[in-house]
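Residues per chain, in single letters:
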Amino acid sequence: MNDLSFYKGKRVFVTGHTGFKGTWLCQMLVGAGAQVTGYSLQPPTDPSLFALSGLENRMNSMIGDVRDYDYLLAAFREAKPEIVLHLAAQPIVRESYRTPRETYETNVMGTVNLLECVRVCGGVKSVLNVTTDKVYHNNEWAWGYRENEPLDGFDPYSNSKSCSELATHSYKNSFFANGGVAVSTARAGNVIGGGDFAADRIVPDCVRAAMQGRVIGVRNPWSTRPYQHVLEPLAAYLMIAQKQYEEEKFAGYYNVGPDDCDCLNTGDLVNLFCEKWGQGLSWENQAEANAPHEASFLKLDCSLLKATFGWKPRWHIAEAIEKTVEFSKAWLAGEPVSAVMDRQISEFFG
């Protein structure tokens, strides 16, 4: 996928559009000339990338909760989408331990509500539910998980996303099996990039520490994760949604992650960030004795995505960190965020 021209004039419904990934996705779609309707809660952070981007004035932004079926249905009927991209979620593992019921309500029933809108309204040709690499039963082994591995996330966030996958499978088999609506899920790994202000994420923690001139605290330096720039999975999501729109045979379940060389432990990731940022930035181990369980080793096998579409990652981890630092410093220097985003999107597809 070398450009986004397919999306010009397409009616696209994006849930979770005020979040980090959702904002980058809508910036791509609006830039491509799509008619974008977003449905989401208010931005989850302050500052927020959505507010900084000025997207609210360039798309139809609706503030609502995916748990509110009636309001979601009204928004859906007004938008009359052809393509639906479902990103709305409670996305933080540690938050899911604090608020498990709300996490399940959002991540499971939010998905069911969206799929019910697709079923009731008609007119949709392509649906993509974005889940996570954490949907798999994690054996902490050294090879990547494939799409046919058992789904059984450990913590409430991961498990609720496993349930979201299963609900999607059921709707696909029960209501969309006769054609007309192509439905896929995409299981992506950890993303990094400019404009992520979330709590309990390592790269935003690095940016905050750098801004404040303090040492970065790292609570789990030995955990290994697949890291990729946020534009990597977003480009893959748009590719899957386009391909299954054009040919329903491409609907399926896809891992979207980096190459093995970009699976590294958190300590190495922070070392790379300190190197790219400069200015003597450093970190220290702040491991918590009684921290809630998080997987220590996790990576994906993305052979299916590569074999089906000829897809491959464009930016490896060093460049992803470099782009994140570049964005953060441009924002701190007062450069318009929308311009920085457009420049990096252009560089990614260039």
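Refer to the structure above for everything that follows.
Below or above, wherever it landed, is the structure these notes cover.

**A word on the sheet that holds strand 11 (residues 263-265)**
Here comes step 1: Read from one edge to the other, the open sheet built from 3 strands follows the order 7-9-11, with strand pairing classed as mixed. The two strands at the open ends of the sheet, each matched to only one other strand, are strand 7 (190-192) and strand 11. Ignoring which end each strand starts from, the neighbouring axes of this sheet average 50° apart.
Here comes step 2: Inspection of the sheet shows strand 7 paired to strand 9 (residues 224-229) by 3 bridges, in the parallel sense. The partner of Val 191 across the bridge, within strand 9, is Gln 228.
Here comes step 3: Across the sheet, helix 8 (residues 231-246) lies against strand 7 and strand 9, angled at about 70° from strand 9, the strand it touches most.

**Brief notes about the side chain of Ser 53**
Here comes step 1: Within the secondary structure, Ser 53 is located in helix 2 (residues 49-53).
Here comes step 2: Owing to a relative accessible area of 4%, Ser 53 belongs among the buried residues under this scheme.
Here comes step 3: Excluding residues within four positions of it along the chain, Ser 53 makes contact with Thr 23, Gln 27, Arg 58, Val 337, Ser 338 and Met 341.

**A short note on the pattern of salt bridges**
Here comes step 1: In total, this model carries 21 salt bridges according to the counting rule given.
Here comes step 2: For Arg 101, the salt bridge identified is with Glu 102, shortest N-O distance 3.6 Å.
Here comes step 3: Judged by its relative accessible area of 32%, Glu 102 is partly exposed.
Here comes step 4: Its salt-bridge partner being Asp 260, residue Lys 299 comes within 3.6 Å of it at the nearest N-O pair. Here the residue Lys 299 occupies a position in the loop between strand 12 (283-285) and helix 10 (303-309), and Asp 260 occupies one in the loop between strand 10 (253-256) and strand 11, the gap between them amounting to 39 residues.
Here comes step 5: Taking the relative accessible area as the measure of exposure, Lys 299 reaches 12% and is therefore buried.
Here comes step 6: Taken together, the salt bridges that share partners define one network made up of Asp 65, Arg 67, Arg 101, Glu 102 and Glu 105.

Cut-offs and rules
Residues numbered from 1 in each chain as written. Predicted model: local features only at pLDDT ≥ 70, side-chain atom pairs only at ≥ 80, totals over all residues. Heavy atoms only, no water. Pairing = 2+ DSSP bridges. Helix = DSSP H or I, 4+ residues; strand = E, 2+ residues; numbered from the N terminus. Axes fitted to C-alpha atoms, helices over the stretch in contact; angles between N-to-C directions. Contact = heavy atoms within 4.5 Å. Buried < 20%, exposed > 50% of the residue type's maximum accessible area, 1.4 Å probe, protein only. Salt bridge = Lys/Arg side-chain N within 4 Å of Asp/Glu carboxyl O.

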